[in-house]
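What follows is each chain in one-letter form.
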Amino acid sequence: MSESSFQDDVLGELGPDRLSEIAGLLGTDAAGARETVANTVGALTGGLQEKADADDDDGNEVRQAFAEVAEPPLQGVATLGGGLLGGGLMAGVLAKVSRPVAAAVSKKTGIPAATVTRVIEMLIPVLLAVFAKRAAAGKGAAAGAPGAAPGTAPGAAPAEGGGLGDLLGQILGGGKK
C-alpha cells in the first residue's frame, strides 16, 4: 500500500462539496481550488514543522499540540464536528500559523490574503481530522517501531524527543526542509 501525501489526505477529507465551496470562494474551478489547497496545506505544514523544530516557546507549543493530537483525551470524539472537539491546542496553533501562511500564499498566487485566510479557516477542521487519523494510524505502526523499548506504553513514545520527531514525521508525512 502506498502512503498518500498529506495534501492528498486533506483533499480526500475535504470531499467534492467542500472543494467546490472553496472553488466558489476563490472564483475558480475544482482544479484551481485543488492547487490552492495543496499550496496552502504545504505552507501550513511547513510552518508547523519549522515551529516544531524551534527550541523556544512556540516550538514547545507546537510539539505539545502534536502530542495532544496523538493522545486525544476522549478517543473517537475528535472526528465529531470535523475534528473541532478534539482540536484544542492544535486549532490555536494552526490559527497562529495561518496569518503568515495566508500572506505567503497570497504573494505566491495573487489571491487576496483575506480570501486565503477564509480558505484556511475552512481547512482547519479538516487538518485536525487528518492529523488525528494519521496519529491514530501511526500508533499501530509505532508499537513495533525500531528503537521502541519492548513493553513501552503506547503513549510513552511521543513524550520522548525522538518519538515526537517520529510522530511529527508520521502526521506531516516527513515534512520538507
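The following refers to the structure shown.

Quick notes on the rules
- Residues numbered from 1 in each chain as written.
- Predicted model: local features only at pLDDT ≥ 70, side-chain atom pairs only at ≥ 80, totals over all residues.
- Heavy atoms only, no water.
- Phe/Tyr/Trp six-rings, centres within 6.5 Å; stacked < 30°, edge-to-face > 60°.
- Helix = DSSP H or I, 4+ residues; strand = E, 2+ residues; numbered from the N terminus.
- Buried < 20%, exposed > 50% of the residue type's maximum accessible area, 1.4 Å probe, protein only.
- Salt bridge = Lys/Arg side-chain N within 4 Å of Asp/Glu carboxyl O.

Turning our eyes to something else, we now look at the packing of aromatic side chains. A complete count under the given rule lists two aromatic pairs for this structure. Between Phe 6 and Phe 131 the ring centres are 5.3 Å apart and the planes differ by 25 degrees, which places this aromatic pair in the stacked class. Here the residue Phe 6 occupies a position in helix α1 (residues 6–26), and Phe 131 occupies one in helix α5 (residues 113–142), the gap between them amounting to 125 residues. Owing to a relative accessible area of 3%, Phe 6 belongs among the buried residues under this scheme. Residue classification places Phe 131 among the buried residues on the basis of a relative accessible area of 1%. An angle of 65 degrees between the planes, with centres 5.5 Å apart, marks the rings of Phe 66 and Phe 131 as edge-to-face. Linking Phe 66 in helix α3 (residues 57–70) with Phe 131 in helix α5, this pair joins segments that are 65 residues apart in sequence. As far as the burial class goes, Phe 66 and Phe 131 line up, both buried. Linked through ring pairs, Phe 6, Phe 66 and Phe 131 together constitute an aromatic cluster.

So, on to the pattern of salt bridges. Scanning all chains against the criterion turns up four salt bridges. Put simply, Lys 133 and Glu 13 hold a salt bridge, and the shortest N to O gap is 2.6 Å. A residue pair is termed long-range when its members are at least 10 positions apart, and Lys 133 in helix α5 and Glu 13 in helix α1 qualify at 120 residues. Judged by relative accessible area, which is 46%, Lys 133 ranks as partly exposed. Under the relative-accessibility criterion, Glu 13 is labelled partly exposed at 25%.

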